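# Examination of the molecular architecture
One letter stands for each residue in the lines below.
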Amino acid sequence: MKKMKLIIGWLYPDLMSTYGDRGNIIVLQKRAKWRDIDTEIISLSVGSSSKELRKSDLIFMGGAQDRQQKIVAEDFRKGKSEILKEMIEDFVPGLYICGAYQFLGKYYKEADGTVIEGLGILDLYTENPGINVPRLIGNIVFRSSFLPENTTIVGFENHGGRTYLGKKVKSLGQVLKGYGNNGVDGSEGAIYKNTIGSYLHGPMLPKNPHVADFLLAAALKRKYQENIHLQKLDDELEIKAHSVIVRKLKIRV
Ligand code: GLN
């Protein structure tokens, strides 16, 4: 059988990557390699072409602060935004963390009221209620609603923006401990087709290998047009790391 290969497009690795977001790329690469699947990582920073972006079978973009979000917004407007929209609509899987997640929505209103236009791909918007309102910071656990058996997902969040979902997207699940999208309605993240937006840094995937496999399986299925049964891996360490956070937050699952 021909060896499978995935091209992973990493959007703005130099600008959008905080709290170890880069670890998500390493996990995707390793979990593919352990199954004898090749990967190629392409860096898509400011000035990169839409043609490069289009090559991606799977997309990752991490979080950042407002300053970087503005630079990225400008670069996106030079052609990449339309392509990304087409790709997301065409089920290209992707993981977008925090600032990147906010960016997929309609807009992000900063603490001083400045509005950064989003890509408008996901039916959601984000507003920062102002510098006098506390940021939403800490470890978080939520129960997924898009994975089999509604497994828990753990991570670390730090955001001033509060995200509100519209009807065309679903949340990733319900918060058991932490804040999630806005600290009020109990939802965390959003899923649309194969695109995942989430507030979870940490990075997210090392402690949540089930999310990594969701993305890999979706990318392989789309590329090779067949149902992929990912070979099971020994995830003892990953599950231990996951459970430590769950226990630390005194969650009963
Ligand atoms: N600037 C955004 C906020 O504070 C995103 C933060 C992040 O990506 N960590 O809401």
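Report on the accompanying structure. All figures in this text were calculated on a predicted structure; none of them were measured in a lab. (Residues numbered from 1 in each chain as written. Predicted model: local features only at pLDDT ≥ 70, side-chain atom pairs only at ≥ 80, totals over all residues. Heavy atoms only, no water.)

We now examine the pattern of salt bridges. Summed over the entire model, instances satisfying the criterion amount to 14 salt bridges. For the salt bridge of lysine 55 with glutamate 52, the shortest nitrogen-to-oxygen distance reads 2.6 Å. For lysine 55, a relative accessible area of 45% translates into the label partly exposed. Judged by its relative accessible area of 26%, glutamate 52 falls in the partly exposed class. Lysine 70 is the partner of glutamate 110 in a salt bridge, and the nearest nitrogen-oxygen pair spans 3.3 Å. Of the two residues, glutamate 110 is situated in the loop between strand 5 (107–109) and strand 6 (115–117) and lysine 70 in helix 3 (residues 66–89); the sequence distance between them amounts to 40 residues. Relative accessible area serves as the criterion here: at 39%, lysine 70 is assigned to the partly exposed category. In this structure, a network of salt bridges that share partners links the residues Arg31, Arg35, Asp213 and Asp235. (Salt bridge = Lys/Arg side-chain N within 4 Å of Asp/Glu carboxyl O. Buried < 20%, exposed > 50% of the residue type's maximum accessible area, 1.4 Å probe, protein only. Helix = DSSP H or I, 4+ residues; strand = E, 2+ residues; numbered from the N terminus.)

As a further point, take the pairing of strand 3 (residues 58–61). Here strand 3 shows no split at all, with Leu58 and Phe60 on one side and Ile59 and Met61 on the other all buried. For strand 1 (residues 5–11) and strand 3, the ladder comprises four bridges, and the chain directions are parallel. Its bridge partner lying in strand 3, isoleucine 8 is registered against leucine 58. With three bridges connecting them, strand 3 and strand 4 (residues 94–97) associate as parallel partners. Bridge assignment links methionine 61 to a residue of strand 4, and that residue is tyrosine 96. (Pairing = 2+ DSSP bridges.)

We now examine the site of the ligand. Close contacts around the ligand come from 15 residues, with Asp66, Gln69, Cys98, Gln102 and Gly161 the closest. Aspartate 66 is positioned with one of its side-chain polar atoms (N or O) 2.5 Å from a nitrogen atom of the ligand. Between an oxygen atom of the ligand and a main-chain N or O atom of glycine 160, the distance comes to 3.0 Å. Protein chains shield 100% of the accessible area of the ligand, which is 300 Å² for the free molecule. Taken together, the elements giving at least two residues each to the shell around the ligand come down to helix 3, helix 4 (99–104) and strand 9 (152–159). A per-class count over the shell around the ligand returns three nonpolar, ten polar and two charged. (Near = heavy atom within 4 Å. Polar contact = N/O pair within 3.5 Å; in protein donor to acceptor, adjacent residues only side chain to side chain. Areas by Shrake-Rupley, 256 points an atom, 1.4 Å probe, with all protein chains shown as cover. Nonpolar A, V, L, I, M, F, W, Y, C, P; charged D, E, K, R; others polar.)

Strand order across the open sheet formed by six strands is 2-1-3-4-14-13, with mixed pairing between neighbours. This sheet does not close on itself; its edge strands, each paired only once, are strand 2 (38–44) and strand 13 (190–192). Averaged over all pairs of adjacent strands, the angle between their axes in this sheet comes to 15°, without regard to strand direction. One ladder, built from four bridges, connects strand 4 with strand 14 (residues 195–198); its direction is parallel. Along strand 14, the bridge assignment pairs tyrosine 96 with glycine 197. Where helix 1 (residues 23–33) meets the sheet, its contacts fall on strand 1, strand 2, strand 3 and strand 4, and the angle it forms with strand 2 comes to roughly 160°. Strand contacts of helix 3: strand 1, strand 3, strand 4, strand 13 and strand 14, with the helix running at about 145° to strand 3, the strand carrying the most contacts. (Axes fitted to C-alpha atoms, helices over the stretch in contact; angles between N-to-C directions. Contact = heavy atoms within 4.5 Å.)

Now for unusual backbone geometry. With omega at -5°, the peptide bond leading from glycine 202 into proline 203 counts as cis. The phi torsion at asparagine 150 lies on the positive side, around 45°, for a residue other than glycine. Structurally, the position occupied by asparagine 150 is in the loop between strand 8 (136–144) and strand 9. Positive phi values are uncommon outside glycine, yet lysine 250 reaches one of about 55°. Assignment of secondary structure puts lysine 250 in the segment after helix 6 (236–248).

Here we come to the nonpolar core. Counting residues in hydrophobic clusters, the biggest one holds 67 residues, and the most contacted among them are Leu11, Met61, Phe76 and Leu84. Top contributing element to this core by residue count: helix 3, with seven residues. Discounting chain neighbours no more than four positions away, the residues touching methionine 61 are Leu11, Tyr12, Met16, Val72, Phe76, Leu95, Tyr96, Ile97, Ala100 and Phe103. One finds Val141, Ile245, Val246 and Ile251 within the second-largest nonpolar core, a separate group that totals six residues. (Core = buried A, V, L, I, M, F, W, Y, C linked by side-chain atoms within 4.5 Å.)

Attention now moves to the packing of helix 1 against helix 5 (residues 209–224). Look at helix 1 against helix 5: their axes get within 10 Å of each other, and the N-to-C directions meet at 70°. By the criterion of interaxial angle, the relationship of helix 1 to helix 5 is roughly perpendicular. Within the contact between the two elements, helix 1 uses Val27, Leu28, Arg31 and Ala32 and helix 5 uses Pro209, Ala212, Asp213, Leu215 and Leu216. Here the residues of the contact of helix 1 with helix 5 sort into seven nonpolar, no polar and two charged. (Parallel < 35°, antiparallel > 145°, perpendicular 65-115°, else oblique.)

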